[in-house]
Amino acid sequence: MSRFLKLALRALLLRCPVCGKGKLFSGIFRVPEKCPRCGAPYAREAGFFLGSIYINYGLTSLIAAVVYPILMFNKWVPEPHLTIVSLAFVVIFPLLFFRHARSLWIGFDQWYDPREGEV
Ligand SMILES: [Zn+2]
């Protein structure tokens with residue numbers, strides 16, 4: 001398995017990008033400072049996870065920009081309902097995707113600028 005796929009799989013499983021065993025979250029939204037298994041620091045600096053917003057916002061916008069016109073032009077969903085469903089989606093989806101956005105961000109960071117001790 002390539003290193004990129006390994007890191008992507010660890011990110012999707014919400015695991016430490018360095019050892020692949022430690023959990024990335026200790027609560028619903030809380031990321032500990034270090035991996036509980038290998039001790040690798042998760043956040044390199046203050047504001048490190050700001051980059052995960054790009055992933056979360058980008059995916060939310062992409063899905064909304066693709067799905068909304070498809071539903072609208074095919075008239076599969078009535079217009080008033082489509083607006084409500086779309087607004088609900090752009091509020092709820094980022095909350096549900098928050099953990100994976102952070103995990104993908106830290107995985108990307110590990111791929112681009114590896115921490116020491118990657119297994
Ligand atoms: Zn670890």
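See the structure printed just above.
Nonpolar side chains collect at one region of the surface, where Met1, Phe4, Leu5, Leu9, Leu13, Phe108, Trp111 and Tyr112 lie side by side and expose about 940 Å² of accessible area between them. Sorting the residues of the nonpolar patch by element identifies helix 1 (3-12) and helix 3 (79-112) as the ones contributing at least two each. Along the chain, the position of Trp111 falls in helix 3.

Bringing the coordination of the zinc ion into the picture now. The textbook angles at a metal center are 109.5 degrees for a tetrahedron of four donors and 90 or 180 degrees for an octahedron of six. Here the zinc ion is held by the protein donor atoms Cys16 (SG), Cys19 (SG), Cys35 (SG) and Cys38 (SG), which lie 2.2 to 2.3 Å from it. Taken together, the four donor atoms surrounding the zinc ion define angles of 106 to 113° at the centre, an arrangement classified as tetrahedral. In terms of primary sequence, the donors binding the zinc ion are separated according to C-x2-C-x15-C-x2-C. Note that Cys19 is positioned in the loop between helix 1 and helix 2 (51-73) and Cys35 in the loop between helix 1 and helix 2, a separation of 16 residues in sequence. Classification of Cys19 as buried rests on a relative accessible area of 13%.

Mapped onto the elements of the fold, Arg44 is located in the loop between helix 1 and helix 2. Owing to a relative accessible area of 35%, Arg44 belongs among the partly exposed residues under this scheme. Between the C-alpha atoms of Arg44 and Ile106, which are 62 residues apart in sequence, the distance is 9.6 Å. Among all residues touching Arg44, those that are not within four sequence positions of it are Asp109, Gln110, Asp113, Pro114 and Arg115. In this structure the side chain of Arg44 is engaged in a polar contact, spanning 2.5 Å, whose partner is the side chain of Asp109. A distance of 2.2 Å separates a polar side-chain atom of Arg44 from the backbone oxygen of Asp113.

So, how was this worked out
- Residues numbered from 1 in each chain as written.
- Predicted model: local features only at pLDDT ≥ 70, side-chain atom pairs only at ≥ 80, totals over all residues.
- Heavy atoms only, no water.
- Patch = residues over 30% accessible without salt bridge, like charges linked within 9 Å, V, L, I, M, F, W, Y side chains within 5 Å.
- Areas by Shrake-Rupley, 256 points an atom, 1.4 Å probe, with all protein chains shown as cover.
- Salt bridge = Lys/Arg side-chain N within 4 Å of Asp/Glu carboxyl O.
- Helix = DSSP H or I, 4+ residues; strand = E, 2+ residues; numbered from the N terminus.
- Donors = N, O, S within 2.8 Å, 3.2 Å for Na, K, Ca; no water.
- Tetrahedral: all angles 85-135°; square planar, octahedral: opposite > 155°, others 65-115°.
- Buried < 20%, exposed > 50% of the residue type's maximum accessible area, 1.4 Å probe, protein only.
- Contact = heavy atoms within 4.5 Å.
- Polar contact = N/O pair within 3.5 Å; in protein donor to acceptor, adjacent residues only side chain to side chain.

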